[in-house]
Amino acid sequence: MANNSDPSFDDLTIFLAVCTTGGFRSAARQLGLSPSRVSETITRIETQLGVPLLARTTRSVMLTEPGRVLAERIAPLFAETRAALNDLTLPGKEVRGRLKLNVTGAVMVDILPPLIDLYMLRHPAVRVEIEVEDRLVDITAACCDAGIRYGEHLAQDMIAVSIGPAFQQLALAAAPAYLLQRGVPAHPSQLLQHDCVRMRFSSGALTAWSFTNGEETITLDPVGRLVVGVDAAAAAIALAAAGHGLVCTFKNWLDADFATGKLVPVLQDWWTQFDGPQLYFPSRRMTAPLRAFVDLVAEARTAG
């Protein structure tokens, strides 16, 4: 039978330390306690709750199912509590702490880096961590302050603000020498007869080739003679500029090569326009580092 008293905040902190470090001794070192104190604390919590939280062997400590459920539910609450305590600062005091973002690789080329550069100059006491991945993640479970994705991938319970351009275009391009040899396509359907440089997400899916002209929309899946991971988009663009085929990607990634003539626009009347990326975060109270970053994004948006 469970004890009537509930585990204390301090005891649950020790439980979470065991979960994150993977053992009693490592948790004890992290917290500056003795291993016996950590072991006694876990035993006391299990007695109070009436369920085993950790399965112990001579070589390892593993979470039981009740232990896993408890850890997953209280970890974000404890992180929020620590953030609230850290934010109890006087107005105008230097922003301190950590800003952790989970972002799609598409914003790491030319949208996010300038903002992070300015943010770090303004807030030298903040440590910034950026996770780059294209799959959609639960930013709360991942202990991230915010994420950046395109609108169709945002959860409805998130606050979202525009970051970077309000609109972007999916552009098609090729090297002049390639078009001179193979001809300029007059309609998207003709792309199926051309060499194409495709990009692939880490999930395994190829990036979409979608084109719109008035009421007509065409989505194609041309066979790529060359396929490059989207994290190496710069290499894919360079290979297209070297004459290895047509490339379809963000126009802002191609602008520099358009300016030099290494690449030329193809089927420009069919380029698809879409909403720019969104910075999103849970509707709960923001930490001071995140609030400072949101303010900077708003300032940059106002400045154009």
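Residues numbered from 1 in each chain as written. Predicted model: local features only at pLDDT ≥ 70, side-chain atom pairs only at ≥ 80, totals over all residues. Heavy atoms only, no water.

Right, let's get into the pairing of strand E5 (residues 146-149). With burial as the criterion, each face of E5 is covered, one bearing Ala 146 and Ile 148 and the other bearing Gly 147 and Arg 149. Pairing between strand E3 (residues 97-103) and E5: three bridges, direction parallel. Counted as the bridge partner of Asn 102 is Gly 147 from E5. One ladder, built from three bridges, connects E5 with strand E15 (residues 278-282); its direction is antiparallel. Across the sheet, the residue bridging to Arg 149 is Gln 278, located in E15. (Buried < 20%, exposed > 50% of the residue type's maximum accessible area, 1.4 Å probe, protein only. Helix = DSSP H or I, 4+ residues; strand = E, 2+ residues; numbered from the N terminus. Pairing = 2+ DSSP bridges.)

Located in the positive-phi region is Leu 267, a residue other than glycine, with phi close to 50°. Take Leu 267: it is sitting in the loop between strand E13 (264-265) and strand E14 (272-275).

Let us look at the packing of helix H1 (residues 9-21) against helix H3 (residues 35-49). Close contact between H1 and H3 brings their axes to 9 Å; oriented N to C, the two are set at 110°. As far as their axial angle goes, H3 and H1 are roughly perpendicular. Along this stretch, H1 crosses H3, giving a crossing that reads as left-handed. Residues Asp 11, Leu 12, Ile 14, Phe 15 and Val 18 of H1 lie in contact with H3, whose contacting residues are Val 38, Thr 41, Ile 42, Arg 44 and Ile 45. Here the contact of H1 with H3 is built from residues that sort into seven nonpolar, one polar and two charged. (Axes fitted to C-alpha atoms, helices over the stretch in contact; angles between N-to-C directions. Parallel < 35°, antiparallel > 145°, perpendicular 65-115°, else oblique. Left-handed = near helix turned anticlockwise from the far one by under 90°. Contact = heavy atoms within 4.5 Å. Nonpolar A, V, L, I, M, F, W, Y, C, P; charged D, E, K, R; others polar.)

Take the side chain of His 194 next. Summarising the element assignment, His 194 is placed in the loop between helix H6 (176-182) and strand E8 (196-200). In this structure the side chain of His 194 is engaged in a polar contact, spanning 2.8 Å, whose partner is the side chain of Tyr 178. Beyond its immediate stretch of four places on either side in the chain, His 194 contacts Tyr 178, Arg 182, Gly 183, Pro 185 and Leu 246. (Polar contact = N/O pair within 3.5 Å; in protein donor to acceptor, adjacent residues only side chain to side chain.)

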